[in-house]
Amino acid sequence: MSPTTFTCGDVPYLLEVDEAAAGSLRGLTAVLQLPDGLKPFSEELAECLESRLGASIIIQADSVYGACDLQYPELAASIRPHAILHVGHTPYPEALGYPPLSRPPQAPKVVFVAARYVGRPSGAAIKEAARIAREHGAKVVGLVTTAQHTHIYGEVASALEGEGLKVKRGLSALPYFEEGQIIGCEYSMAPRGVDAYVYLGGGEFHPVGLYLATLKPVIKVDPYRDEASDVTPEGERVYRVRLDKVRRAFDASRWGVVVGTKTGQYRPWLVERLVSLMRSRGLSYRLIAGSRITPEVIANLDSRWYEAFVVTACPRIPIDDMEDYPKPVLTPGEAVMAITRSLEPYRFPW
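Residues numbered from 1 in each chain as written. Predicted model: local features only at pLDDT ≥ 70, side-chain atom pairs only at ≥ 80, totals over all residues. Heavy atoms only, no water.

Asker: An account of the overall build of the protein chain is requested, with residue identities and associated values reported.
Answerer: Helices and strands together make up the secondary structure of the protein chain, namely 11 helices and 15 strands. In terms of overall dimensions, the protein chain is globule-like: its C-alpha atoms have a radius of gyration of 21 Å, near the 20 Å expected for 350 residues. In terms of overall dimensions, the protein chain has C-alpha extents of about 60 × 55 × 30 Å along its principal axes. Put simply, the protein chain has 350 residues, and 54% of those count as buried. Sequence-distant contacts, at least 24 apart, represent 68% of the contacts inside the protein chain between residues at least 6 apart. Only carbon and sulfur atoms are counted for the fraction: they give 51% of the accessible area of the protein chain, which is about 15300 Å². Placing the 38 positive and 41 negative side-chain charges of the protein chain at their respective mean positions leaves the two points 7 Å apart. (Helix = DSSP H or I, 4+ residues; strand = E, 2+ residues; numbered from the N terminus. Rg over C-alpha atoms; globule rule 2.2 N^0.38 Å. Buried < 20%, exposed > 50% of the residue type's maximum accessible area, 1.4 Å probe, protein only. Contact = heavy atoms within 4.5 Å. Areas by Shrake-Rupley, 256 points an atom, 1.4 Å probe, with all protein chains shown as cover. Lys, Arg positive; Asp, Glu negative; His and termini not counted. Charge placed at Lys NZ, Arg CZ, Asp CG, Glu CD.)

Asker: Quick one: what's the story with the pattern of salt bridges, residue by residue and with numbers?
Answerer: In the structure shown here, the tally under the stated rule is 18 salt bridges. Its salt-bridge partner being Arg116, residue Glu178 comes within 3.1 Å of it at the nearest N-O pair. In this pair, Glu178 sits in the loop between strand S8 (166-169) and strand S9 (196-200) while Arg116 sits in strand S6 (residues 109-117), placing the two residues 62 residues apart along the sequence. Here Asp244 makes a salt bridge to Arg247, at a shortest N to O gap of 2.7 Å. With Asp244 and Arg247 both in helix H7 (residues 232-248) and three residues apart, this pair spans about one turn of that helix. The exposure class of Asp244 is partly exposed, given its relative accessible area of 33%. If you follow the salt bridges from partner to partner, you end up with Glu16, Arg116 and Glu178 in one network. (Salt bridge = Lys/Arg side-chain N within 4 Å of Asp/Glu carboxyl O.)

Asker: Outline the state of the cysteines, supporting the account with residue identities and numerical values.
Answerer: On inspection of all chains with the given rule, the structure shows one disulfide. Each sulfur in the disulfide pair Cys8 and Cys48 lies 2.1 Å from the other. Taking the torsion about the sulfur-sulfur bond, which here is approximately -70°, the covalent link between Cys8 and Cys48 counts as left-handed. In this pair, Cys8 is assigned in the loop between strand S1 (4-6) and strand S2 (13-17) and Cys48 in helix H2 (residues 42-53), connecting sequence segments 40 residues apart. The pair Cys8 / Cys48 is uniform in exposure class, with both members buried. Considering cysteine sulfurs only, Cys314 is the nearest to Cys68, which forms no disulfide, with 6.1 Å between them. (Disulfide = S-S within 2.5 Å.)

Asker: Can you break down the sheet that holds strand S11 (residues 227-230) residue by residue, with the values?
Answerer: Spatially, the five strands line up as an open sheet ordered S8-S7-S9-S10-S11, and their pairing is mixed. The two strands at the open ends of the sheet, each matched to only one other strand, are S8 and S11. Averaged over all pairs of adjacent strands, the angle between strand axes in this sheet comes to 30°, irrespective of strand direction. Note that strand S7 (residues 140-145) and S9 share five bridges and pair parallel. Each residue of the ladder has a partner; that of Gly142, found in S9, is Tyr197. (Pairing = 2+ DSSP bridges. Axes fitted to C-alpha atoms, helices over the stretch in contact; angles between N-to-C directions.)

Asker: Tell me about the environment of Gly142, and name the residues and values.
Answerer: In this structure, Gly142 sits in strand S7. The exposure class assigned to Gly142 is buried, which follows from its relative accessible area of 0%. Residues Gly142 and Arg254, spaced 112 residues apart in sequence, show a C-alpha to C-alpha distance of 41 Å. Among residues more than four places away in sequence, those in contact with Gly142 are Lys168, Pro191, Val194, Ala196, Tyr197 and Val198.

Asker: So what's going on with the packing of aromatic side chains? Residues and values would help.
Answerer: Considering all chains together, one arrives at six aromatic pairs under this definition. Ring plane angle 40° and centroid distance 4.3 Å describe the contact between Tyr117 and Tyr224, whose orientation is recorded as tilted. With a gap of 107 residues between them, Tyr117 in strand S6 and Tyr224 in the loop between strand S10 (218-222) and S11 connect regions that are remote in the sequence. Judged by centre distance (5.3 Å) and plane angle (80°), the ring pair of Tyr239 and Tyr346 falls under edge-to-face. Placement of Tyr239 in helix H7 and of Tyr346 in the segment after helix H11 (332-339) is noted, with a sequence separation of 107 residues between them. Ring pairs connect the aromatic residues Tyr13, Tyr117 and Tyr224, which therefore count as one cluster. The positively charged end of Arg316 is found above the aromatic ring belonging to Phe205, 3.8 Å away from the centroid. (Phe/Tyr/Trp six-rings, centres within 6.5 Å; stacked < 30°, edge-to-face > 60°. Lys NZ or Arg CZ within 6 Å of the ring centre and 35° of its normal.)

Written out as structure tokens, the structure is:
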């Protein structure tokens, strides 16, 4: 059965929900999980979805960082909703988490609600993106986006081709990814064999990650601001900082290995791989478990014993807060580089 598409008042997103899943929620209690960017529309969305689906909705105030962060245990142990309405993200790839990722016993059912932004980039923004790509000497570009913009992916690809660029489209891996879609910790769907990338979306979170994963120029086409910009300089800056942090951890003999406990971020296979490498090199380590890892959490745990940390939860934790860590706090790929004392090739994220 095809998804039902509808709007909610002045919310600038088209919502999509599977009809069969929606029909099963009538008369039940559901928690509404929203990205922070949609929180200002929380009451309007709750009222709309209650009317549409017949569920009694509780808005979750906590930040939810993606489909890897469904927060099953906390909800099942407290308000015990029948379902979670998770807005704005596609399901998280089970290969990146610890099976069974889908639904542990007593956990609420999850219904994914797609949110498609209604705005489109203008011809001027597309033209500017093509100009920046040519400045980098790019003739072949890979086009990537996030779940909020996959409905205009083909349209933007055609527009870039109209500006004289050859566009390689990204892969799809349903139900996890739609065509050309990336997430902050997974870039394998981005096409290879290109001169540069065009990222369709807002912010710098995803395009900077794309640069680190590929070390190729990245041009952003932002449908929210209707503009194009070159993210490459920021990507290069972050890359230089990351290499310095890896180099500073070359001589680290005592490591803190941070184990994520969020749904989708618990990766025992990755922890075992890292500690096995540490043992083989005669290094000492201590496992540290936590759900929300921040610079304050690391600072509270830190002591003279620790010389470096590696985060096996979200690999963006070391990147996005990198200015706030006095000691090297690395991604798994970077930790392998440090332990093996090699700056090439750069490994991000795993």
